[in-house]
Structure formats: structure tokens, C-alpha cells
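Read off the chains here:
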Amino acid sequence: MKKLAQLVLAATLGVTATYASADAISDAAMSDIRSDKAKVRDEYRNPQQTLRFFGLKPDMTVVEISPGGGWYADILYSVVKENGKYVAAHFYVDEETSDYYKKSVEGFKEQMKPGMKYENAELTAFDPIKALNIGEAGSADMVLTFRNVHNWYMRHGDEGIDNAFGAFFKALKPGGVLGVVEHELPESADDAAMKKSGYMKRSYVVAAAEKAGFVLEASSDVNANPMDTADHPKGVWTLPPRLALDDQDREKYMAIGESNRMTLKFTKPKS
């Protein structure tokens, strides 16, 4: 009887251990390569729920657009490093590039060296005007962009947006997924606000993606924040984490939290 109980316990523990480690996204989100400071922002960025909504799998080739310091890269790379591929389509650098962008790219490259956390990642470049080849055509299962669309629009208008979505469409395999998270401007607001606020209208983003050939498969409220009116003195940067007004009305903006964000899943048609 004792031996049978031991066998049952061992089997139960085995199942529990397998179950606990079976979810690659949860494991990646809890990974030690993520700093405590990064994990604190999970409350607002909801990475696990967001990546499940997009359908991320460990065997995918995933291209992240403008990964910056690697907040999402830490999770994405951990999920796909064994059976898939992580591609960082980082800032394009030339003689006109700001020092901030140059340092960001160099810092990411350091983390790709042997023994560092992104050692087997692939690096490409993206700029909505100067660098549109983010990967081999038809090679990616998923392209992800987090809070970037407003930057392309503010700097390059419709041309930048059309170029960006066209580049993503080209890089994806038929049936591939484009995941977009972006600060959301109410549809009732003046279109001109998209040029300076950091917020974009959902209708504009969807139309741009469809123009490139994508189909909107689903949307999620996982990153929605109904407390955010999108009407602030210094645009989206008024809110945390930037808090562009410094201590002015700090408690008010901390109470609102990070921005209201659309979360959109597009697919490239299979035929």
C-alpha cells in the first residue's frame, strides 16, 4: 500500500511539474532575465494575456518592430529561443540618427553577444522611409508592434504608415499574424490630434492594415483603460511612465495609470 501511494504521489508530482512548465509564455514572463522594474509594468502592459491573444507559439519566427531596450524582447525571446526564432527589427541607424537611437541599438547588440540573453537572436532594421526589409519575404509567422504606430504617423504621415504595414505584410507568411498595440484616440476626436498627442484612432489603424492586404481577425480590450480620456496637456506622455508634467497633478495621472490601448490581431490571407 505504501509503495502504491509513493507511485501515485510521484505520478502526481510529475504531472504537476509538467503542467507548471508547459506554459512557455508564463515561464517567460516570470523569467529571471526580466528585471523587477520590468515586471512591475505587467499590470499595465498585460504581456501574458496580450501574447496569448495574438497566438504566440514556441516554434514561431517572430519579428518585433523597434524593441527598444527589450521590455517585450525578454519575453518573446524566452518563448521562441529553443524551437523558433526571434528577430529584432530595431532602429535604423545612419548619419542622421539621434544618439538616443544609436545607443539603444548598440545596447541591444551587446545583449546578442555569446553568453548574453539574446545570443541567438537575429537583428534587422526598420524605418518607415529608409529601411523596409525587416526580414526575408514570407519568412515570419508573426510580426508584433507595441506602441509604435503614432511615431511613424507623427514623423511621416500616411506615407510612413503605408510603408510600415506594407513591410509587415511582405515579411509574413500567408496566414501569418500581425499584432498591434497602440494608444487609442476616441473616434469622436479631431483627426489632427493624431499628429501631436501620441494617440491614434482605431479606424485609421484598421484601414491602414486593410489597405496593405491584412484582414482584422479580432480585437481585445486586454489593454483598455476606460479612465484615460486621451485628452491631456502633453498628450499620452502626460501619463505614467513618462509623467511629462513632473509633479504637477502627479497623483491624478498616477490614478489614471498608463494609456488606453487598442489591441488588434490581423492576419495575412492564405491565398
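In case you missed it, the structure is sitting above this.
These notes cover the structure that comes with them.

## Some words on the overall build of the protein
Working step 1: In terms of helices and strands, the protein carries 10 helices and eight strands.
Working step 2: In terms of overall dimensions, the protein has C-alpha extents of about 75 × 45 × 40 Å along its principal axes.
Working step 3: Within the protein, counting contacts between residues at least 6 apart in sequence, those at least 24 apart form 72% of the total.
Working step 4: As displayed, the protein has an accessible area near 13,800 Å², and 52% of this comes from carbon and sulfur atoms.
Working step 5: Each charge sign in the protein was given a centre, from 34 positive and 39 negative side chains, and these centres are 4 Å apart.

## Remarks on the packing of helix H8 (residues 149–171) against helix H9 (residues 202–212)
Working step 1: Contact geometry for H8 and H9: axes closest at 8 Å, N-to-C directions at 35°. Like other packed secondary-structure pairs, H8 and H9 cross with a definite hand, here right-handed. Of the residues in H9, those touching H8 at Val-149, Tyr-153, Gly-157, Asp-158, Ile-161, Asp-162, Phe-165, Gly-166 and Phe-169 are Tyr-204, Val-205, Ala-208, Ala-209, Lys-211 and Ala-212.
Working step 2: Classifying every residue of the contact of H8 with H9 gives 10 nonpolar, two polar and three charged.

## Describing the pattern of salt bridges
Working step 1: Tallied over the entire structure, the rule returns 16 salt bridges.
Working step 2: The closest approach of N and O atoms between Lys-113 and Glu-110, which form a salt bridge, is 2.8 Å.
Working step 3: For the salt bridge of Glu-258 with Arg-261, the shortest nitrogen-to-oxygen distance reads 2.7 Å. Here Glu-258 matches Arg-261 in class, with each residue buried.
Working step 4: Taken together, the shared-partner salt bridges connect Arg-41, Glu-258 and Arg-261 into one network.

## A short note on helix H5 (residues 47–54)
Working step 1: Within the sequence span of H5, burial applies to Pro-47, Thr-50, Leu-51 and Phe-54. Seen end-on, H5 carries its buried residues on one side only, within an arc spanning 90°.
Working step 2: Positive backbone phi, at 90°, marks Gly-55, one or two positions downstream of H5.

## A short note on the side chain of Asp-127
Working step 1: Its location among the elements puts Asp-127 in the loop between strand E3 (122–126) and strand E4 (140–146).
Working step 2: A distance of 2.9 Å separates a polar atom in the side chain of Asp-127 from the backbone nitrogen of Ile-129.
Working step 3: Once you skip the residues sitting within four places of it in the chain, Asp-127 turns out to touch Tyr-92 and Leu-132.

## Comments concerning H8
Working step 1: Taking 1.5 Å per residue as the helical rise, H8 with its 23 residues ought to reach 33 Å, whereas the 18 Å between its terminal C-alpha atoms falls clearly short.
Working step 2: His-156 marks where H8 bends most, by close to 135°.
Working step 3: All buried positions along H8 are accounted for by Val-149, His-150, Trp-152, Tyr-153, Gly-157, Gly-160, Ile-161, Ala-164, Phe-165, Ala-167, Phe-168 and Ala-171.

## Side note on the pairing of strand E1 (residues 61–65)
Working step 1: Of all five residues that make up E1, five are buried, and the element is covered over most of its length.
Working step 2: Burial along E1 is two-sided: Thr-61, Val-63 and Ile-65 and Val-62 and Glu-64, pointing in opposite directions, are all buried.
Working step 3: As judged from the five bridges shared by E1 and strand E2 (residues 85–91), these two strands associate in the parallel manner. Directly across from Glu-64, in E2, lies its bridge partner Ala-88.
Working step 4: In this fold, the crossover linking E1 to E2 by way of helix H6 (residues 73–80) has right-handed handedness.
Working step 5: Bridge count for E1 against E4 is three bridges, and the pairing is parallel. Directly across from Val-63, in E4, lies its bridge partner Val-143.

Scoring rules and cut-offs
- Residues numbered from 1 in each chain as written.
- Predicted model: local features only at pLDDT ≥ 70, side-chain atom pairs only at ≥ 80, totals over all residues.
- Heavy atoms only, no water.
- Helix = DSSP H or I, 4+ residues; strand = E, 2+ residues; numbered from the N terminus.
- Contact = heavy atoms within 4.5 Å.
- Areas by Shrake-Rupley, 256 points an atom, 1.4 Å probe, with all protein chains shown as cover.
- Lys, Arg positive; Asp, Glu negative; His and termini not counted.
- Charge placed at Lys NZ, Arg CZ, Asp CG, Glu CD.
- Axes fitted to C-alpha atoms, helices over the stretch in contact; angles between N-to-C directions.
- Left-handed = near helix turned anticlockwise from the far one by under 90°.
- Nonpolar A, V, L, I, M, F, W, Y, C, P; charged D, E, K, R; others polar.
- Salt bridge = Lys/Arg side-chain N within 4 Å of Asp/Glu carboxyl O.
- Buried < 20%, exposed > 50% of the residue type's maximum accessible area, 1.4 Å probe, protein only.
- Arc of directions from axis to C-beta.
- Polar contact = N/O pair within 3.5 Å; in protein donor to acceptor, adjacent residues only side chain to side chain.
- Expected span 1.5 Å × (residues − 1).
- Bend = angle between axes of the 7 residues up to and from the residue.
- Pairing = 2+ DSSP bridges.
- Right-handed = clockwise from strand over helix to strand, strands pointing away.

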